[in-house]
Amino acid sequence: MPSPTQRVLSRVPLRLRPFLVRHRKPVKFLLVGGTCFLLTMVLNFGLRHTLLQEKPVVALTVATVVATVVSYVLNRQWSFRAHGRQREAVLYLVVSGLAVLVNDAPLVVSRYLLDLREPYVTALTEEVADFASGMIVGTFLAMLFRYWAMNRWVFTHRADLRPAEPSPAEAGR
């Protein structure tokens, strides 16, 4: 029975398949990230316009943390399935905590250093600045950081899963 990935690939134009297969880990990472971006966006806007109207950075942080948990499950089960080690969850939490700070930084700069908030700007300008800085710039920077850090420290190749190479003496036998 074909995997979900194989079923999707069967619908992709034949000339694109080798590229997608060759770069499957970053493609999967981007698909998970895109899904979690949509989740973050929906949660962020929902929180900003209901419970956390006066706290946009907190709304973005909560939305990002929820999406991070979903991202961990999806990345663990799909993107980086063949990788990992025992300390993975702790390292994932550390990297994700740092990524939340990276994600929030452009919104903090936009709102509190550049004063792109009411009463200094119109409500529309504030909304556009918050979206551009928090959802677009922040998410992009956090995505780059997460991909690099996940590959570097979290979902690394496990040495015990690699086939052992025979020593020169064994190779001659």
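Trainee: So what about the pattern of salt bridges? Which residues, and what values?
Mentor: Overall, the coordinates contain 5 salt bridges when judged by the stated rule. With its nearest N and O atoms 3.1 Å apart, the salt bridge here joins Glu 127 to Arg 48. Separated by 79 residues along the polypeptide, Glu 127 in helix H6 (residues 123-154) and Arg 48 in helix H3 (residues 24-48) bring together distant segments of the chain. Of the charged contacts in the structure, one is a salt bridge between Asp 130 and Arg 111, with a shortest N-O distance of 2.8 Å.

Trainee: Kindly report on the packing of H3 against H6, identifying the contributing residues and their values.
Mentor: The geometry of H3 relative to H6 is characterised by a closest axis approach of 11 Å and an angle of 145° between their N-to-C directions. In this structure, the crossing between H3 and H6 has a hand that is right-handed. Residues Lys 25, Pro 26, Phe 29, Leu 30, Phe 37, Thr 40, Met 41, Asn 44, Phe 45 and Arg 48 of H3 form the contact with H6, whose participating residues are Glu 127, Asp 130, Phe 131, Met 135, Ile 136, Thr 139, Met 143, Arg 146, Tyr 147 and Asn 151. Taken together, the residues of the contact of H3 with H6 sort by class into 11 nonpolar, 4 polar and 5 charged.

Trainee: I'd like a description of the environment of Val 70, backed by residues and values.
Mentor: Assignment of secondary structure puts Val 70 in helix H4 (residues 56-79). When the C-alpha atoms of Val 70 and Cys 36 are compared, they prove to be 7.1 Å apart, with 34 residues separating the residues in sequence. Contact partners of Val 70, with chain neighbours within four places excluded, come to Cys 36 and Leu 39.

Trainee: An account of the nonpolar core is needed here, citing residue identities and associated values.
Mentor: Counting residues in each nonpolar core, the largest one holds 9 residues, listed as Tyr 92, Val 95, Ala 99, Ala 142, Phe 145, Ala 149, Met 150, Val 154 and Phe 155. Counting residues per element, the ones that place at least two in this core are helix H5 (88-113) and H6. For this core, the element with the most residues is H6, which contributes 5 residues. Every residue in contact with Ala 142, bar those within four places of it in the chain, is listed here: Ala 99, Val 102 and Asn 103. Met 41, Leu 60, Leu 107 and Met 135 belong to the second largest nonpolar core, which has 5 residues in total.

Trainee: How would you sum up the packing of aromatic side chains? Please name residues and give values.
Mentor: In the structure shown here, the tally under the stated rule is 4 aromatic pairs. Ring geometry for Phe 45 and Phe 131: centres 6.0 Å apart, planes at 20°, overall stacked. Placement of Phe 45 in helix H3 and of Phe 131 in helix H6 is noted, with a sequence separation of 86 residues between them. The partly exposed category is assigned to Phe 45, whose relative accessible area is 27%. What makes Phe 131 partly exposed here is its relative accessible area of 28%. Look at Phe 145 and Trp 148: their rings are 6.2 Å apart centre to centre, the planes differ by 45°, and that puts the pair in the tilted class. Taken together, the positions of Phe 145 and Trp 148, both in helix H6 and 3 residues apart, correspond to about one turn of that helix.

What counts, and where the lines are drawn
- Numbering of residues starts from 1 in every chain and runs along the sequence as written.
- Local features in this predicted model are restricted to residues of pLDDT 70 or higher, and side-chain atom pairs are both shown and tallied only at a pLDDT of 80 or more, whereas totals for entire chains, interfaces and linings draw on every residue.
- Side-chain calculation: all heavy atoms of the structure are included, whereas hydrogens and water are not.
- Salt-bridge detection follows one rule: a side-chain nitrogen of Lys or Arg within 4 Å of a carboxyl oxygen of Asp or Glu.
- Here a helix means four or more residues in a row that DSSP labels H or I, a strand means two or more in a row labelled E, and each is numbered from the N terminus.
- All axes are obtained by fitting lines to C-alpha atoms, using only the stretch in contact for helices, and the reported angles, taken between N-to-C directions, cover 0 to 180 degrees.
- Definitions for this section: a left-handed crossing has its near helix turned counterclockwise from the far helix by less than a right angle. A right-handed crossing has that turn clockwise.
- Throughout, a residue-residue contact means that at least one pair of heavy atoms, one from each residue, lies within 4.5 Å.
- Note on residue classes: Ala, Val, Leu, Ile, Met, Phe, Trp, Tyr, Cys and Pro are nonpolar, Asp, Glu, Lys and Arg are charged, and everything else, Gly too, is polar.
- We call a set of buried residues a nonpolar core when its members are Ala, Val, Leu, Ile, Met, Phe, Trp, Tyr or Cys and they connect through side-chain atoms within 4.5 Å of each other.
- For each residue, the accessible area found with a 1.4 Å probe, counting protein chains only, is set against the maximum for its type, and the residue is called buried under 20%, exposed over 50%, and partly exposed in between.
- Centres within 6.5 Å make a pair out of two Phe, Tyr or Trp rings, where for Trp the six-membered ring is used; the pair is then stacked when the planes are under 30 degrees apart, edge-to-face when over 60, and tilted otherwise.

Everything listed here is a matter of coordinates, which is why it stays silent on function.
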